Amino acid sequence: MIAELSHYALVLAFVLALVQTFVPVWGAARNDTTLMAVGEPVAFAGLGFVAFAFFGLMALYVGSDFSVANVYENSHSAMALVYKFTAVWGNHEGSMLLWVFVLAIFSALVALFGRHLPDRLRANVLGVEGAIAAAFLLFILATSNPFLRLDPAPAEGRDLNPILQDLGLAIHPPLLYLGYVGFSIAFAFAVAALIEGKIDAAWARWVRPWTLTAWIFLTLGISMGSYWAYYELGWGGFWFWDPVENASVMPWLAGTALLHSAVVMEKRDALKVWTILLAILTFSLSLLGTFLVRSGVLTSVHAFATDPTRGVFILIILVLFIGGSLVLFAVRGAELKQGGIFAPVSREGALVINNLLLTTAAATVLTGTLYPLALEALTADKISVGPPFFNRSLGPLFLLLLALMPFGPLLAWKRGDAYGAAQRLTYAAGAALIVAALVLYSTQGGPLLAMAGLLAGVFAVTGALTELADRVALFREPLAASFARAKGLPRSAWGTSIAHAGIGISLIGVVAETGWSEERIASLKPGENVSIAGFELLYKGIDERTGPNWRAEVGHFDVRVGGVTVATLDPAKRVYLARNQPTTEAGIKTFGLGQLYVSLGDSEAGGAISARIYWKPYVTLIWLGTIVMALGGMLSLSDRRLRVGAPRPAARRAAATPAE
Amino acid sequence: MRGLFLVLAFLLSLTPAFAVQPGEQLADPALEARARALSKNLRCMVCQNESIDESNAPLAKDLRILVRERIQAGDSDAAVREFLVARYGEFVLLEPRLRSRTLLLWGIPLLVLVIGGTALAISLSRRRQTHPKALSTAEKKRLDVLLRTNKKS
């Protein structure tokens, strides 16, 4: 019954999405406020129906209703309860439903917070959001219905893919989708502006918080995915340049660029056309990512060719939205008036360079991801584009970006003083050089790229701090005065510096992990020792453990420093019974900012077991840095001037109240 | 037939094995380091985007041993790569070599940077040359009035 009702709710949501697509836009075209006002209640109702379907599917999973094909294929009655919740989106159909659910949430949020928007803009934005929702709801209903029944109902499910039976699944996809789909709002605003042929600084003020929100979620989502892969896949890598990862990093790069160009547009009324284009491109890359991941085209071109229904459907959606918006851009973009003039060396100029580098990075990732597919389709020539390509091509771009980053906030709007900025960064650069020299001394060298990366990373952090110190006049005025200035500094200024420091912190982590990790691959018998980076690991033996739906071999290690046991590590190898599929559960212990990482391999003859043991110095900085970035974003978002749905300025409200 | 092979390869890749195993390693640390560096850039062809250094698949194990055999036989890194490409095609290299067919791939970053930069420079310099229009007489009069009233107050 739940399945049928949920299915029906999806159909109703689709119809409502169609209403939301056409009625408000039609109203905007005819300047009819009644028609335009239809958008909001319909957005709320649409959210209601999609939520019903989503939680309906969740109820089916929690109740282990194996008469539903989707539940049968991705669940098991013995699975831990938390995974019965998360398994909802651990499969194609359910994850598309989550996608649409998130979209509906954003639509409703626009309706809720958009009360102060000009009527026509709001109507058009809701219309575009409705169109996206309608397209994807139709996709679900036509090709990926999660509510199909099986007859007769199987007694037991086939279990969720063991790799997904992890808390990571609870966090990573929802965050990622909040990011991906959140960019749809910037897209909708861009298309709405093009429809109206009007765009101003107020538009940027509206788009920025939404873009920032999406960006924060996407940053955290990517970072969580990276940590999940790191501890789950068992060889200690944190980023693989897998096409699926690339699909998430492309919108991130474009979204980061958008965030910065929107600042120029808001403050200086410049870069309008470019900002609109970026808003379109960012969401287009989100859609492209959805296509790449969901069509199966990545697994192989052949897999796509044998069952192209889903792929072709998403491809049509892709062409309609990307093509449509770009055509609209080509036709109407030129009508948007250019504002604010600025010198090449200025805050605007720095943000333009930022945009150029980030766009180049996004284009590089896009090319690297699609090139093998295109080449195979065109010439039947098979090549691989793997991590070495991305590291080599993006490494220099990011180094340049981070090395220039501290200059940006120190330059004035309109016309900046590059020499002055460089002067103010002397201490920051000096500090970075000293740190690099110390590291060089203590590690007896390292790869050249790692050294350059370290320099850029530390400079990004010290540079960001310099900017803050500069603004609060630290050491130039008494501390109390500096403190007062710090309190008065707008939160968005804090946000910028903190986010900039965050990316520097992440880079330091990446450099330390790739440049100075230690590794031992050993075959160990119980009672044997391995030493790594000043730690002694004593292998004590292995025992068996059983979970609800798995059996595991758990190894036990004592970690000792100078003969004293400081920790124990219990890496395991699990076999999930329903699918007879093994997973590794690495044993990880954090010491300071570094981590000791042990992963078990095969049992060998004579009671020995092979193990991979890593010491990864400062590795946690990779993810801590992203959290710092997100915090910076949140601070910026909490700035009164940018707060979602910020009320009108007090003065205007006062003027609106009648005199007493 | 080929499909069957892929299915088999997929199933085999699921049996628990391990990336580089202790027994596979070469005694000479310098040679072993070269083998590791090489394997990190070689693709395990039956896996999804994994190098033979990371992969648990039996094929990856075979390739790891093969790489070490070639190194012990005195091959240079380039010769080992050449040997594998001759056997398995360019697909085995995770870093595509610069050829006519990969020219665009390697060229894109530079191309976007140069074209984007040039377009920017042109549009910015053009915008900077457009001077704001002179005030019309009506506007001038209005400005005068405004300035005068400002002085009075």
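Take the sheet that holds strand S10 (residues 609-616) of chain A next. Residue and element names in this part refer to chain A. In space, the 4 strands of this open sheet follow the order S1-S10-S9-S8, with antiparallel pairing throughout. Each end of this open sheet is capped by a strand with a single partner; those strands are strand S1 (518-524) and strand S8 (587-591). Strand-to-strand, the axes of this sheet are offset by a mean angle of 15 degrees, without reference to chain direction. Across 5 bridges, the pairing between S8 and strand S9 (residues 594-603) is antiparallel. Within the sheet, the bridge partner assigned to Phe-591 lies in S9 and is Gly-594.

A word on the domain arrangement of chain A. A common way to state how big an interface is: give the accessible area lost once the parts meet. Residues and elements named next belong to chain A. Once the domains are mapped, chain A shows domain 1 (1-161), domain 2 (425-516 + 621-631) and domain 3 (518-616). The straight-line distance from the C-alpha centre of domain 1 to that of domain 3 is 43 Å. In this complex, domain 1 contributes 6 residues to the contact, which on the side of domain 3 involves 5 residues. For the side of domain 1 that touches domain 3, the class distribution of residues is 3 nonpolar, 1 polar and 2 charged.

It is worth spelling out the interface of chain A and chain B at this point. Of the residues lining the interface, 41 residues belong to chain A; the matching set on chain B comes to 34 residues. Listing elements by their share of the side of chain A that touches chain B, those giving two or more residues are helix H14 (347-379), helix H15 (387-404), S1, strand S7 (581-585), S9 and S10 of chain A. The element best represented in the side of chain A that touches chain B is H14(A), accounting for 11 residues. When grouped by side-chain class, the residues that make up the side of chain A that touches chain B number 19 nonpolar, 16 polar and 6 charged.

It is worth spelling out the nonpolar core at this point. All names here are of chain A. Residues Val-100, Phe-136, Ala-186, Phe-189 and Ala-279 are the most contacted members of the largest nonpolar core, which totals 192 residues. Ignoring anything within four residues of it in the chain, the contact list for Phe-189 reads Val-125, Trp-203, Trp-206, Val-207 and Ala-279. Core analysis: the next-biggest nonpolar cluster, separate from the first, contains 21 residues, Phe-535, Val-559, Leu-596 and Ala-611 among them.

Moving on to H14(A). Residues and elements named next belong to chain A. Relative to the 48 Å expected for 33 residues at 1.5 Å per residue, H14 spans 46 Å between its end C-alpha atoms, a close match to the ideal helical length. At Leu-370, H14 shows its maximal kink, close to 40 degrees; a proline, Pro-372, follows between one and four residues later. One or two residues past the end of H14 sits Ala-380, with phi positive at roughly 60 degrees.

For the rest of this paragraph, the subject is unusual backbone geometry. Residues and elements named next belong to chain A. The omega torsion of the bond from Asp-151 to Pro-152 falls at 0 degrees, within 30 degrees of zero and hence cis. Despite not being glycine, Ala-380 has its phi angle at roughly 60 degrees, a positive value. Looking at the element boundaries, Ala-380 is found in the loop between H14 and H15. Since 8 C-beta atoms lie within 10 Å of it, Ala-380 is described here as exposed. Non-glycine residue Lys-414 carries a positive phi angle of around 70 degrees. Structurally, Lys-414 can be placed in the loop between H15 and helix H16 (418-424).

Residue and element names in this part refer to chain A. Mapped onto the elements of the fold, Gly-168 is located in helix H8 (residues 167-196). With 210 residues separating them along the chain, Gly-168 and Leu-378 place their C-alpha atoms 38 Å apart. Setting aside its immediate chain neighbours within four residues, Gly-168 contacts Met-224, Trp-228 and Glu-232.

Conventions used here
Residues numbered from 1 in each chain as written. Chains lettered and ligands numbered in written order. Predicted model: local features only at pLDDT ≥ 70, side-chain atom pairs only at ≥ 80, totals over all residues. Pairing = 2+ DSSP bridges. Helix = DSSP H or I, 4+ residues; strand = E, 2+ residues; numbered from the N terminus. Axes fitted to C-alpha atoms, helices over the stretch in contact; angles between N-to-C directions. Domains from an automatic or database assignment. Contact = placed C-beta atoms within 7 Å. Nonpolar A, V, L, I, M, F, W, Y, C, P; charged D, E, K, R; others polar. Core = buried A, V, L, I, M, F, W, Y, C linked by C-beta atoms within 7 Å. Buried ≥ 20, exposed ≤ 12 C-beta atoms within 10 Å, placed from the backbone. Expected span 1.5 Å × (residues − 1). Bend = angle between axes of the 7 residues up to and from the residue.

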